[in-house]
Protein chains: 2
Amino acid sequence: MTRPETDDGVFRYVRVERHILGLIEAGRLAPGERIPSLRALGAHLGVSLTTVNQAYMALERRGLLEARPKSGFFVRASPPRPPAPRPSAIPAKPPTTVNRGALIREVLSGMARRDLVPLGVAQTDEAFLPTKPLARLLAKVATAGGESITGYEGVCGNMALRRQIAWQLAGAGIDTRPEDVMVTAGAMEALYIAVRSVTRPGDNVAIAAPTYYCFLQLLENFGLQAVEIPSHPDGGVHPADLQAALDRFDVQAVILTPNFNNPDGSRIPDEAKAEMAALLAARGVPVIEDDVYGDLTFESRRPHCFKSYDTSGNVLHCSSFSKTLAPGFRVGYLLPGRFAGKAFEIKATTNVCCATPTQMAVAEYLSQGSFERHLRQLRAGLERQARMMEAQILRHFPGETRVTHPGGGSVLWVQLPETVDAITLFYEAKARGIGVAPGNIFSSFDQFDHFLRLSYSNAWSPVVEAAVATLGRLACDLSAGDKARP
Amino acid sequence: MTRPETDDGVFRYVRVERHILGLIEAGRLAPGERIPSLRALGAHLGVSLTTVNQAYMALERRGLLEARPKSGFFVRASPPRPPAPRPSAIPAKPPTTVNRGALIREVLSGMARRDLVPLGVAQTDEAFLPTKPLARLLAKVATAGGESITGYEGVCGNMALRRQIAWQLAGAGIDTRPEDVMVTAGAMEALYIAVRSVTRPGDNVAIAAPTYYCFLQLLENFGLQAVEIPSHPDGGVHPADLQAALDRFDVQAVILTPNFNNPDGSRIPDEAKAEMAALLAARGVPVIEDDVYGDLTFESRRPHCFKSYDTSGNVLHCSSFSKTLAPGFRVGYLLPGRFAGKAFEIKATTNVCCATPTQMAVAEYLSQGSFERHLRQLRAGLERQARMMEAQILRHFPGETRVTHPGGGSVLWVQLPETVDAITLFYEAKARGIGVAPGNIFSSFDQFDHFLRLSYSNAWSPVVEAAVATLGRLACDLSAGDKARP
């Protein structure tokens, strides 16, 4: 992947932005009030006048401040936010044969190219990960581990790691024993095992629309039918919509990402999770939950999961350390609930067990107790980037563009004017060295053909900033070109 | 696993045995001829008289030498070998729904217990593996690898490793490009990907009888029907039997272990491999080959594979470094041939890619050029163990027992008197702290219910020696008990 340079100037500039936003949110700067002078704030924060000026001008472009000639900057009466995408009004679709394989392959082959600016890949930039401590710990276990480092682990994984995971999950309200944790090669393998554990070919599986495209690939590969239930940027899949889908169709399993759904960033409120978990348990419909973004919340409290409300082993909980520690270590986990026997057999006949040394290194890292502090830094960094990208989109994209304002995760879901075709934009962007994920790959229907998913998890840099600006110009051109056509 | 002690005395004793056997095989000791005196051979090999005497007595018990009073030991006219199991006379069976899952689970849960003497597990003892150099290399790549150590590899794996694998395969007559190699989490994952790449539920898949029980599990899990073709300890599956099965049944794929089939140790001659590869290519029936034992040959030349004769990408070649380097590193590989696109998608949606650091460590190890020397030592060690276990079986098992004399691999296939039930023996052995694999798990039919698979890949020790003796006594008791019944 292109490694964008970390630009300290950009971070200082964001510090100024955040300071001003904090004053506004705390009510210490009221609408219409004059904000501190360049000189005063520069001295207070220890940054240059140029940086403060850049930040003020950016806030002005975002519509949060207004500059009055010869008087300075003032808080605007009603700062406009980028509007959120409109909720889809479409009810759950009848079971559908998933057919996005060819399109997803085509798009992925473009998205993954290492010579592109990777706005299409929802992968945490290594600049945000504790790479050095993990490498040190890996070297340490390799040196100290003796023969056990090359030997097999049990099918369910390293017991020290499983203990740490169980301990960690308590923070998400999940009460689990180490024996109930299965270590997997990332959350992807947990999802694969979970899907195989609860379905047979031909089954109907309810998913969100939009949903992570890998779920569509899994369904297609295993001959499963999708029942797509609309997800709203505000609140995700609603319990009433789920219940209606279960009433109308014969659904054998559900796959959802309740915390910061990829791509629309939605979070299902905890009360709704409890309600849905109870509904699904009562009907005996197992729910596979992907919580890979749960640790990446921008809110003060980590959200709960379906698993937090699971009393009968009906929830198969999938997650990993790929977004928070080291994607290349391939360490994830599955809590298979009442499907433990089936999951065990699938893991054993897929690849026996996970690699031993990386499990040991992650166990060692977690046991040292610095994971929480690392997460706090990571969350703050990602939130900063989300806000920067939102601002950049507002500045460069067509006026009618709407964008989500997620409370966690690593992607923005951008609704373009209906005249802009996302696939066309995908190819135009690729030709200019920019990778994006077009909305079409997140559903089996063409309802998201003027949406883009943009990832903000790459360290912000002039390259990323310029790429978003280029995308905006392309979208404007496509939008204008269409208007000019008749 | 119980770590058996290495007993140097046993190895010296085997050195004497091998020396005498070498003289006989080279024709330097003819039948009826007197062999060197205890004193002469002891001095020549630098071992004690006691050790030479023990070896001579063991060779006498095996029927290779005879002791003549006051004259010494003489080569017997026609030394009896432990007879090989009788080839099965049964032709290929019609497609069958595989139904061994429950039995295999039950047996595996017993076999894998770490408190048992692991004669049921075909896993190379760590005493034979280059654990220390690998641990050092892992520490080295962790220290020197920088950020790349925690990052994703491509779906098909680390390119340096793929180059080394392609280079390595040249020794098996396989001409492949690094781009055609996919790194997998062990050979198990290669097999899983291969099976999914070429089959759909309901398909008929030809396998050997007996076959590795994991193949049966894979077929059962994916709703595939097995067409069992008899395998002979001498020559494995015969081309004519394969052709007859293809003529009679609609077969969509074939899974075979042409080199040292697990459990019967058979090797398909290279000319037969060429014939079968051509036959299958002409009929468009893909062949999945498991070559995980190919590197463990006791012969002077490493045998070829089906893939060596593949000109159309019809062979999916599966192997790993789990038997030769480090099972816990989970590094194996698949050459998917013409199914590369499908294999790629399955790997990506199963677990994205393999762990990065262990791939780097194995690549580093292979690049240092000591793999061949290590293999020579490993092969010699395993052959020594095979011969010791054969001798021990001949000494302690019922007279009618037959045992394979494999040219490689890590298991013996033992045909007990028909009155001995392998499952009963399995439970009796387990109760005495010994793990074995009963023949019943190697076919969907009960044709191997008086067979055992014994692994000789655990470092030979008094514990292992005693366990084989105990098994022999149990088999004698069961055999006698049955005879006494009427």
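Above this text sits the structure in question.
Residues numbered from 1 in each chain as written. Chains lettered and ligands numbered in written order. Predicted model: local features only at pLDDT ≥ 70, side-chain atom pairs only at ≥ 80, totals over all residues. Heavy atoms only, no water.

Caption draft 1: The arrangement of the interface of chain B and chain A in detail. Chain B puts 50 residues into the contact, and the matching count from chain A is 50 residues. Among the residues chain B hides against chain A, the three largest losses belong to Thr150, Tyr152 and Thr349 of chain B. Together they make up 17% of the total. For the interface between chain B and chain A, the tally reads two salt bridges. The partner of Arg105 of chain A in a salt bridge is Glu345 of chain B, and the shortest N-O contact between them spans 2.2 Å. Summed over the shared surface of chain B and chain A, the result is 21 residue pairs in polar contact (both at pLDDT 80 or more). (Contact = heavy atoms within 4.5 Å. Buried area = accessible area lost by both parts, 1.4 Å probe. Salt bridge = Lys/Arg side-chain N within 4 Å of Asp/Glu carboxyl O. Polar contact = N/O pair within 3.5 Å; in protein donor to acceptor, adjacent residues only side chain to side chain.)

Caption draft 2: Spatial organisation of the packing of helix H6 (residues 159-169) of chain A against helix H12 (residues 356-367) of chain A. Residue and element names in this part refer to chain A. In contact at an axis separation of 8 Å, H6 and H12 are set at 40° when each is read in the N-to-C sense. On the basis of their axis angle, the class for H6 and H12 is oblique. By crossing handedness, the relation of H6 to H12 is classed as left-handed. Across the interface between the two elements, Ala160, Leu161 and Gln164 of H6 pack against Gln359, Val362, Ala363, Leu366 and Ser367 of H12. Partitioned by chemical class, the residues of the contact of H6 with H12 number five nonpolar, three polar and no charged. (Axes fitted to C-alpha atoms, helices over the stretch in contact; angles between N-to-C directions. Helix = DSSP H or I, 4+ residues; strand = E, 2+ residues; numbered from the N terminus. Parallel < 35°, antiparallel > 145°, perpendicular 65-115°, else oblique. Left-handed = near helix turned anticlockwise from the far one by under 90°. Nonpolar A, V, L, I, M, F, W, Y, C, P; charged D, E, K, R; others polar.)

Caption draft 3: Inspection of the relation of the copies chain B and chain A at higher detail. Turning chain B through 179° and shifting it by 0.2 Å along the axis lays it on chain A, with an RMSD of 0.4 Å. Accordingly, the operation relating the two chain copies is best matched by a two-fold axis. Closest approach to the rotation axis among the C-alpha atoms of chain B is made by Ala139 of chain B, whose C-alpha sits 1.9 Å away. A share of 100% of the interface residues of chain B reappears at the interface of chain A, consistent with the copies meeting face to face through the same patch. (Least-squares fit on C-alpha atoms with pLDDT ≥ 70 in both.)

Caption draft 4: Highlighting the pattern of salt bridges. Under the defined criterion, the tally for this structure stands at 30 salt bridges over all chains. A salt bridge links Arg283 of chain A to Asp247 of chain A; the nearest nitrogen and oxygen atoms lie 2.9 Å apart. Of this pair, Arg283 of chain A sits in helix H10 (residues 270-283) while Asp247 of chain A sits in helix H9 (residues 239-248), and the two are 36 residues apart along the sequence. Arg283 of chain A sits in the partly exposed class, given a relative accessible area of 36%. Between Glu390 of chain B and Arg387 of chain B there is a salt bridge, with the nearest N and O atoms lying 2.7 Å from each other. Within this pair, Glu390 of chain B and its partner Arg387 of chain B are both found in helix H13 (residues 371-396), separated by three residues, close to a single helical turn. Note on accessibility: Glu390 of chain B and Arg387 of chain B belong to one class, buried. One connected set of salt bridges, linked through shared partners, spans Asp270, Lys273 and Arg301 of chain A. (Buried < 20%, exposed > 50% of the residue type's maximum accessible area, 1.4 Å probe, protein only.)

Caption draft 5: Quick look at helix H11 (residues 340-351) of chain A. Under the 1.5 Å per step criterion, the end-to-end length of H11 of chain A is 17 Å for twelve residues, consistent within 8% with the ideal 16 Å. Within H11 of chain A, the full set of buried residues consists of Ala343, Glu345, Ile346, Lys347, Thr349, Thr350 and Asn351 of chain A. (Expected span 1.5 Å × (residues − 1).)

Caption draft 6: Representation of the side chain of Ser455 of chain B in the model. All names here are of chain B. Secondary-structure assignment places Ser455 in strand S16 (residues 451-455). Judged by its relative accessible area of 0%, Ser455 is buried. In this structure the side chain of Ser455 is engaged in a polar contact, spanning 2.8 Å, whose partner is the side chain of Ser457. Beyond its immediate sequence surroundings of up to four residues, Ser455 is in contact with Leu119, Val121, Ala122, Gln123, Met389, Ser410 and Val411.

Caption draft 7: Up close: the packing of H11 of chain A against helix H7 (residues 186-198) of chain B. Packing of H11 of chain A against H7 of chain B brings their axes to within 5 Å, and their N-to-C directions diverge by 100°. Classified by the angle their axes make, H11 of chain A and H7 of chain B are roughly perpendicular. Seen from H11 of chain A, the contacting residues are Ala348, Thr349, Thr350 and Asn351 of chain A; seen from H7 of chain B, they are Met188, Glu189 and Tyr192 of chain B. Split by residue class, the contact of H11 of chain A with H7 of chain B holds three nonpolar, three polar and one charged.

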